[in-house]
Amino acid sequence: MNPTTPQLSTTPSVVQSLDRHAGAGVPFSVEFSPPRDEAGEQRLWRAVRTFERMHPAFVSMTYGAGGSTRDRTVRVTGQLAQETTLLPVGHLTAVGHSVAELRSIVGAYADSGISNILVLRGDPPGDPLGEWQKHPDGVEYAEELVRIVRDLGDFHVGVASFPQGHHRSPDLDCDTAYLAAKLRAGAEYSITQMFFDVDDYLRLRDRVAALDPVEGAKPIIPELMPITSLRTVERAEQLCGRPLPEPVLERLRRAAGSGAEEDRAAVRAAGIEIATEMGERLIAEGAPCLHFITLNFAKATSEVLTNLGYGVTAAPLSA
């Protein structure tokens, strides 16, 4: 850290923000991705300003496989901290980085006033399901990266969790043990991989609580994404690492119809309905927050939030 590093202790943690927002009901949060070009940057900032008026508990900015968007991620996350009223969470993945590089990235976050970091081991670039290879001077597990970030200063760390188990874990018990280890290492909460069966989330929550009641008391934040077309089904399955449940696919296929072209309006309506139903049940089951993948669009998530009774601005939406 350099002598000009901001005083991070004044920035609330994600858990503190969840507590502050809980008085009005279950909080929500959103995930953005670094833009690839000028048009994408404009779209991102339209979505940012729309969500800013809705007062999410926090927003996160993703980090490309193998660190492919590292510089943009750090830059845009810093802009969110400096130019908006939002609480940003920067992503950090271990894949492709030495420990020295990881420490440098954490320092760059600190210089931008970012004290909340979501730590991920990350997927191999090019093929998320490919063989994981540790950097020769890097770390093998996210648990190690949690300890590195915590040792560097006054940072608040979150980790990933997997309702259906990580595709590299031999079984659910092993996957649960990995999550508990990350939490014991100093992570304050986890955000799940996207899922479409609420029972998977509830079973994950129960497994962690049974294995370690102390760590199981930490927030496990469910991640949702409204499906807006059959094309986004493929994207959703890539992010899940697993196929969507057959009942969900069947609803979307019925909505698409049997014509040469899918009925996109009907598919979109079904996707919004599915996400709304999941949100309703997660709220009823005591989820600490609803975290939405937005793909840098605001409209679909805003519609789900409206259906769930959140106070959403009537201003024009970006897409």
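Analysis parameters
Residues numbered from 1 in each chain as written. Predicted model: local features only at pLDDT ≥ 70, side-chain atom pairs only at ≥ 80, totals over all residues. Heavy atoms only, no water. UniProt positions renumbered as here; feature names shortened; annotations may be inferred. Helix = DSSP H or I, 4+ residues; strand = E, 2+ residues; numbered from the N terminus. Buried < 20%, exposed > 50% of the residue type's maximum accessible area, 1.4 Å probe, protein only. Areas by Shrake-Rupley, 256 points an atom, 1.4 Å probe, with all protein chains shown as cover. Contact = heavy atoms within 4.5 Å. Arc of directions from axis to C-beta.

Per an unreviewed UniProt entry, the chain goes by the name Methylenetetrahydrofolate reductase and belongs to Nocardia flavorosea. The UniProt entry for the chain carries the following comment under Cofactor (unreviewed entry): "FAD". The Catalytic activity (unreviewed entry) field of the UniProt record for the chain holds the comment "(6S)-5-methyl-5,6,7,8-tetrahydrofolate + NAD(+) = (6R)-5,10-methylene-5,6,7,8-tetrahydrofolate + NADH + H(+)".

Caption draft 1: Summary view of the overall build of the chain. Summing up its helical and strand segments, the chain has 12 helices and 9 strands in all. Taking all 319 residues of the chain together, 54% fall into the buried category. If you sum the accessible surface of the chain, you get close to 14,000 Å²; carbon and sulfur atoms cover 50% of it.

Caption draft 2: Summary view of the side chain of Ser60. Mapped onto the fold, Ser60 is located in strand E2 (residues 59–61). Residue classification places Ser60 among the buried residues on the basis of a relative accessible area of 1%. Leaving out residues up to four positions away in the same chain, Ser60 has contacts with Val30, Glu31, Phe32, Val89, His91 and His291.

Caption draft 3: Broad picture of helix H5 (residues 142–151). Looking only at H5, the buried set comprises Ala142, Leu145, Val146, Ile148 and Val149. The buried side chains of H5 occupy one side of the element, clustering within an arc of 165 degrees when seen end-on. Tucked into the core, H5 has its buried residues touching strand E3 (88–93), helix H4 (99–111), strand E4 (116–120), strand E5 (156–161) and helix H6 (172–184). Just past H5, the residue Gly153 takes up positive phi, approximately 155 degrees.

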